[in-house]
Amino acid sequence: MKIMLVFPPLTVSERYANKNVGDVGGYLPPLGLLYMAAVLEQAGHEVRVLDCPVNKFTSDDVIKKIGEFRPDWVGMAAVTVLINRVVELNEKIRENFPEVKILVGGPHATICPQETSDKTKADIVITNEVEDILLDVIENYDKKYKKKKIVEGKPVLNIDKLPMPARHLIDMKLYTSLPNNYKRDPYAVHMVTTRGCPYTCTFCASANGIFRQRSVENVIAEIKHLQKTYGTKEIVFWDDIFTLNKHWVHKFCDAIISEGLDIAWSCESRLDLIAEDMVKKMAKAGCWNMFFGIESGNQDILDNIKKRTNLELIRNGVKYVKAAGIEVRGSFMLGLPGETPEKARNTIKFAIELDPDYAQFSITTPYPGTELYKTINEWGILNENFDNFHNWSPVFIPKGYKNSEELQAMQREAFRRFYLRPKYIIRRISKIRSADDIKRNLKGARMVMGFAT
Ligand code: B12
Ligand code: SF4
C-alpha cells in the first residue's frame with residue numbers, strides 16, 4: 001500500500017507567537033512519523049514523509065503532493081497546537097481525494113481521542129505509541145477496524161526491537177537545532193534513547209509514563225549509522241530524562257570513550273538526577289550541554305506542580321554540571337498555578353543566581369490530559385483556543401495576575417533581565433571561537449531580542 005505521513009504546517013513565528021524571532025532554526029525531523037515509516041517500509045509498503053514546517057509547505061502544497069503520490073492512506077501527527085491544522089487538512093483531503101483513508105495520531109490524539117475523532121472526522125484515530133498496531137490497522141482495516149473510529153495503541157515494551165527511524169525519507173540537510181543547541185552544525189542530529197517519564201509534574205504531557213530504555217549497544221549502533229550515512233558530528237538526545245538510570249549513562253559513556261567515537265552530544269534531564277562523577281564522565285565522553293526544566297524559584301510553586309524537587313538540589317545540580325565543564329540550559333515557566341508577579345520575580349532572580357548559559361522563560365500552557373488542565377479552574381482562568389497552545393502566549397491567567405498583558409510583560413522582563421546583563425554578554429563573547437560561533441550567537445541574540453521587546 002502507499003502511505004503518506006504528514007507533519008502539519010506551523011511556521012517558526014507561529015510556534016513562538018512572535019514575528020520578531022525570525023527563522024532561527026529549531027527544526028527537527030518528525031521522529032514519531034519516521035519510526036512509523038520504518039515499520040511500514042519493513043513490511044513492504046511504499047511510504048513518503050511530508051514535514052511541512054521545515055519545507056514551509058502550506059496545506060495546499062500537501063494537497064498537491066497527495067495528487068502526485070496518490071496514496072491509499074494519509075497519516076497525520078497532532079500535537080495540541082496543530083489540531084486545527086489537522087482538521088483543515090482533513091477537510092481539503094476529503095474534498096479533493098475522497099477515496100484516501102485518513103489516520104490521525106500523536107500526543108493530542110492520545111490525550112483527547114474522542115474530540116480528535118469528532119473534530120477531524122479521520123477514518124481512524126490511534127492513540128499512544130503505534131508501532132505494535134500500525135500494520136494491523138493499515139493491512140486489515142476493512143476486516144477489523146472499519147467500524148471503529150478509535151484504536152488504542154500501547155507503549156512498546158521492548159524499544160530495542162524497533163527499526164531505526166526512516167531518516168532516508170526526508171532531506172536531512174534541511175534540519176538545524178536552535179542556535180543554543182548545537183556546536184557542530186550542520187551535522188547535529190536528534191535521537192531518543194528512552195520512552196516515557198515516570199514523574200508526575202502536573203503541567204507536563206509526558207507525566208506518568210512507563211519508562212523504557214534502549215540498550216547501550218542499540219544506541220551506539222544508531223550513532224555509528226548516523227556517522228556513516230550523514231557524516232553526523234553531533235547528537236542531540238531529546239529524551240525527557242536522559243540521566244534517570246545512572247548505571248546506563250556510565251556504560252554509555254564508557255562505550256563512547258573505549259570505541260573512540262568522535263561525537264559531541266547534549267541531552268535533557270532533571271537537576272536532582274545529577275551525580276558529580278556521572279557528569280564528569282559525560283563531559284569526557286563528549287557531552288557539552290544539558291537542558292533542565294527548573295520551572296520556578298519558589299518552593300511552594302514547585303510543590304504545587306508536583307515537581308518533587310527543591311531549590312537546594314537544583315543549586316547543587318547546576319554546580320556539578322558547570323564544574324564538569326558542561327553548559328547549562330535552564331527552562332523556567334511563568335504563570336504557574338499560585339504565581340503572582342512578585343513570585344515570578346523570584347524565579348527571574350533565581351535564574352540570575354544560577355546563571356545558566358541560556359535561560360528559557362516560557363508561559364504555562366495547561367495541555368489537555370494533564371493534571372493541571374483538570375484542576376485549572378482552582379488556579380485561574382483558561383482561554384481554550386488550541387491555536388495558542390505553544391507555551392509562548394498567555395492562555396492561562398493565574399489568579400495573582402491582573403490580565404494576560406501583565407503576564408506577557410513579565411516574560412519580556414525575564415528575557416531582558418537575564419540576557420541584557422553585561423556579565424552575561426561578556427561571557428558569551430568570550431566563548432566565541434569560530435565564524436560559526438559568531439553566526440550562532442547572532443541568531444540567538446536576534447531570538448532573545450524578539451522575546452525581550
Ligand atoms: C523533539 C520534540 C520537539 C521538537 C521536534 C518536533 C517534531 N518535529 O517532532 C521541537 C523542538 C521542534 C518541538 C516543538 C514543539 N513541541 Co515538542 N516535543 C519533542 C519531544 C521532546 C520528543 C518528540 C519525539 O520525537 N518523541 C519520540 C517519538 C517516537 O514519539 P512521538 O513523537 O510521540 O510519536 C509516537 C506517538 O505519538 C505516535 N504518533 C506520532 N505521530 C503520529 C501520527 C500518526 C498518524 C499516528 C497514527 C501516530 C503518531 O506514534 C509515534 C510512535 O510511537 C516531545 C516529548 C516526548 N517525550 O515525546 C515534545 C512534545 C511532543 N512537544 C510538545 C510541544 C508543546 C511542542 C511545541 C508546541 C512547543 C514549542 N512552542 O516549541 C512545539 C510544536 C512544534 C511542532 N510543529 O510540533 C508537547 C506536546 C504536548 C501537546 N499535547 O501538544 C510534548 C509532548 C512535550 C511535553 N511533554 O509537553 N518538539
Ligand atoms: S517535566 Fe520532565 S520530569 Fe516532569 S513529567 Fe515532564 S518530562 Fe517528566
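Throughout this description, residue numbers start from 1 for each chain and increase along the sequence as written. Key to labels: chains lettered from A, ligands numbered from 1, both in the order written. Reporting in this predicted model follows two pLDDT cut-offs: at least 70 for local features of residues, and 80 or more for side-chain atom pairs to be given and counted; totals over whole chains, interfaces and linings ignore these cut-offs and use all residues. Based on all heavy atoms of the structure, the side-chain values leave hydrogens and waters out of the count.

## Some thoughts on the overall build of the protein chain
Here is step 1 of the chain: Under the DSSP-based scheme used, a helix requires at least four consecutive residues in state H or I and a strand at least two consecutive residues in state E, with every element numbered from the N terminus. Helix and strand counts for the protein chain come out as 20 helices and 16 strands.
Here is step 2 of the chain: Here the C-alpha atoms of the protein chain give a radius of gyration of 22 Å, agreeing with the 22 Å that 2.2 N^0.38 yields for 453 residues.
Here is step 3 of the chain: Contact between two residues is taken to exist if any of their heavy atoms lie within 4.5 Å; hydrogens are not considered. Considering only contacts within the protein chain whose residues lie at least 6 apart along the sequence, 74% involve residues at least 24 apart.
Here is step 4 of the chain: His residues and chain termini do not enter the charge count, which takes Lys and Arg as positive and Asp and Glu as negative. To locate a charge, take NZ of a lysine, CZ of an arginine, CG of an aspartate or CD of a glutamate. One way to put it: in the protein chain the 64 positive side-chain charges average out to a point 3 Å from where the 57 negative ones average out. We compute the radius of gyration from the C-alpha atoms alone; for a globule the expected value is 2.2 Å times N to the 0.38, where N is the number of residues.

## Here we look at helix α12 (residues 276-284)
Here is step 1 of the chain: Think of it in three bands: with a 1.4 Å probe and only protein chains considered, a residue is buried below 20% of the maximum accessible area for its type, exposed above 50%, and partly exposed in between. For α12, the full list of buried residues reads Met278, Val279 and Met282. What you see down the axis of α12 is that its buried residues fit within an arc of 90°, all on one side. Along α12, the residues that are exposed and aim more than 90 degrees away from the buried face are Lys280 and Lys284.
Here is step 2 of the chain: Next to the buried residues of α12 lie α11 (246-259), β11 (264-269), β12 (287-295) and α14 (311-323).
Here is step 3 of the chain: Positioned one or two residues after α12, Gly286 has a phi angle of 110°, which is positive. By definition, the arc is the one covered by directions from the helix axis to the C-beta atoms.

## Let's talk about the site of ligand 1
Here is step 1 of the chain: With respect to spatial proximity, 38 residues lie near ligand 1, and among them Thr80, Glu131, Ser206, Tyr367 and His390 are the closest.
Here is step 2 of the chain: What qualifies as a polar contact is a pair of N or O atoms within 3.5 Å, subject to a donor-acceptor requirement within protein and to the restriction that residues adjacent in sequence count only when both atoms come from side chains. Measuring from an oxygen atom of ligand 1, one finds a side-chain N or O atom of Glu131 at 2.7 Å.
Here is step 3 of the chain: A distance of 2.9 Å separates a nitrogen atom of ligand 1 from a polar atom in the side chain of Ser206.
Here is step 4 of the chain: Broken down by secondary-structure element, the contributors of at least two residues to the shell around ligand 1 are α2 (31-42), β3 (73-77), β4 (101-105) and α6 (107-111).
Here is step 5 of the chain: With five residues, the single largest contributor to the shell around ligand 1 is α2.
Here is step 6 of the chain: Each residue is assigned to one class: nonpolar for Ala, Val, Leu, Ile, Met, Phe, Trp, Tyr, Cys and Pro, charged for Asp, Glu, Lys and Arg, and polar for all the others, Gly among them. Its residues placed into classes, the shell around ligand 1 shows 23 nonpolar, ten polar and five charged. Near is defined per residue: the residue qualifies when any heavy atom it owns lies within 4 Å of the molecule or strand.

## Observations regarding a nonpolar patch on the surface
Here is step 1 of the chain: Without a salt bridge and with relative accessible area above 30%, a residue can belong to a patch; like charges are then joined within 9 Å and nonpolar side chains (Val, Leu, Ile, Met, Phe, Trp, Tyr) within 5 Å. Note on areas: Shrake-Rupley, 1.4 Å probe, and residue coverage restricted to the protein chains presented here. Salt bridge criterion: a side-chain nitrogen from Lys or Arg within 4 Å of a carboxyl oxygen from Asp or Glu. A contiguous nonpolar patch, built from Leu420, Ile425, Ile429 and Met449 and spanning about 350 Å² of accessible area, is present on the exposed surface.
Here is step 2 of the chain: Within the secondary structure, Leu420 is located in the loop between α18 (404-419) and α19 (422-430).

## Observations concerning the domain arrangement of the protein chain
Here is step 1 of the chain: Domain start and stop points were drawn from an automatic or database domain assignment. Domain boundaries in the protein chain define domain 1 (2-152) and domain 2 (177-452).
Here is step 2 of the chain: Between domain 1 and domain 2, the C-alpha centre-to-centre distance is 27 Å.
Here is step 3 of the chain: Domain 1 puts 27 residues into the contact, and the matching count from domain 2 is 25 residues.
Here is step 4 of the chain: Note on terms: buried area is the combined drop in 1.4 Å-probe accessible area of two parts once they are placed together, counting the loss on both. Summing both sides of the interface, domain 1 and domain 2 together bury roughly 2,300 Å²; the carbon and sulfur share of this comes to 59%.
Here is step 5 of the chain: On inspection of domain 1 and its partner domain 2, the count reaches three salt bridges.
Here is step 6 of the chain: For the salt bridge of Glu129 with Arg195, the shortest nitrogen-to-oxygen distance reads 3.1 Å.

## Some remarks on the packing of aromatic side chains
Here is step 1 of the chain: Each Phe, Tyr or Trp ring (for Trp, its six-membered ring) is paired with any other whose centre lies within 6.5 Å, and the angle between the two planes then decides the class: stacked below 30 degrees, edge-to-face above 60, tilted in between. Taken as a whole and judged by the stated rule, the model has 21 aromatic pairs.
Here is step 2 of the chain: With a centroid separation of 4.6 Å and an interplanar angle of 15°, the aromatic rings of Trp392 and Phe451 are classed as stacked. One end of the pair, Trp392, is in the loop between β15 (380-382) and β16 (396-398); the other, Phe451, is in helix α20 (residues 435-452), and 59 residues separate them in sequence.
Here is step 3 of the chain: On the basis of an interplanar angle of 10° and a centroid distance of 6.0 Å, the ring pair of Phe415 and Tyr419 is categorised as stacked. Within this pair, Phe415 and its partner Tyr419 are both found in helix α18, separated by four residues, close to a single helical turn.
Here is step 4 of the chain: An aromatic cluster of at least three residues, connected via ring pairs, comprises Phe332, Phe361, Trp392, Phe415, Phe418, Tyr419, Tyr424 and Phe451.
Here is step 5 of the chain: Over a ring means this: the NZ of a Lys or the CZ of an Arg is within 6 Å of the ring centre and within 35 degrees of the ring normal. In this structure, Lys2 is placed above the aromatic ring of Phe69, and the distance from its NZ or CZ to the ring centre is 4.9 Å.
Here is step 6 of the chain: The ring of Phe418 carries the charged tip of Arg421 above its face, separated from the ring centre by 4.5 Å.

## A short note on the sheet that holds β12
Here is step 1 of the chain: At least two DSSP bridges between two strands are needed for those strands to be called paired. Here we have six strands laid out as an open sheet, ordered β7-β10-β11-β12-β13-β14, and parallel in their pairing. Each edge of the sheet is formed by a strand with only one pairing partner; in this case those strands are β7 (188-191) and β14 (358-363). Taking the axes of each pair of neighbouring strands and ignoring which way they run, one obtains an average angle of 20° across the sheet.
Here is step 2 of the chain: By the bridge criterion, four bridges tie β7 to strand β10 (residues 234-237) in an arrangement that is parallel. Pairing of Ala188 across the sheet is with Glu234, part of β10.
Here is step 3 of the chain: To get an axis, fit a line to the C-alpha atoms, keeping to the stretch in contact for a helix; angles then go from 0 to 180 degrees between the N-to-C directions. The strands that helix α10 (residues 216-230) touches are β7 and β10; relative to β7, the one it contacts most, it runs at about 150°.

## Let's talk about the side chain of Thr127
Here is step 1 of the chain: Position of Thr127 among the secondary structure elements: in strand β5 (residues 124-127).
Here is step 2 of the chain: By relative accessible area, which is 7% here, Thr127 ends up buried.
Here is step 3 of the chain: Residues within four places of Thr127 in sequence aside, it is in contact with Ala109, Thr110, Pro113, Ile150, Val151, Glu152 and Gly153.

## Looking at the pattern of salt bridges
Here is step 1 of the chain: Under the defined criterion, the tally for this structure stands at 35 salt bridges.
Here is step 2 of the chain: With a closest N to O distance of 2.4 Å, Asp300 and Lys343 form a salt bridge. Placement of Asp300 in helix α13 (residues 299-304) and of Lys343 in helix α15 (residues 341-354) is noted, with a sequence separation of 43 residues between them.
Here is step 3 of the chain: What makes Asp300 partly exposed here is its relative accessible area of 37%.
Here is step 4 of the chain: We classify Lys343 as partly exposed; its relative accessible area is 22%.

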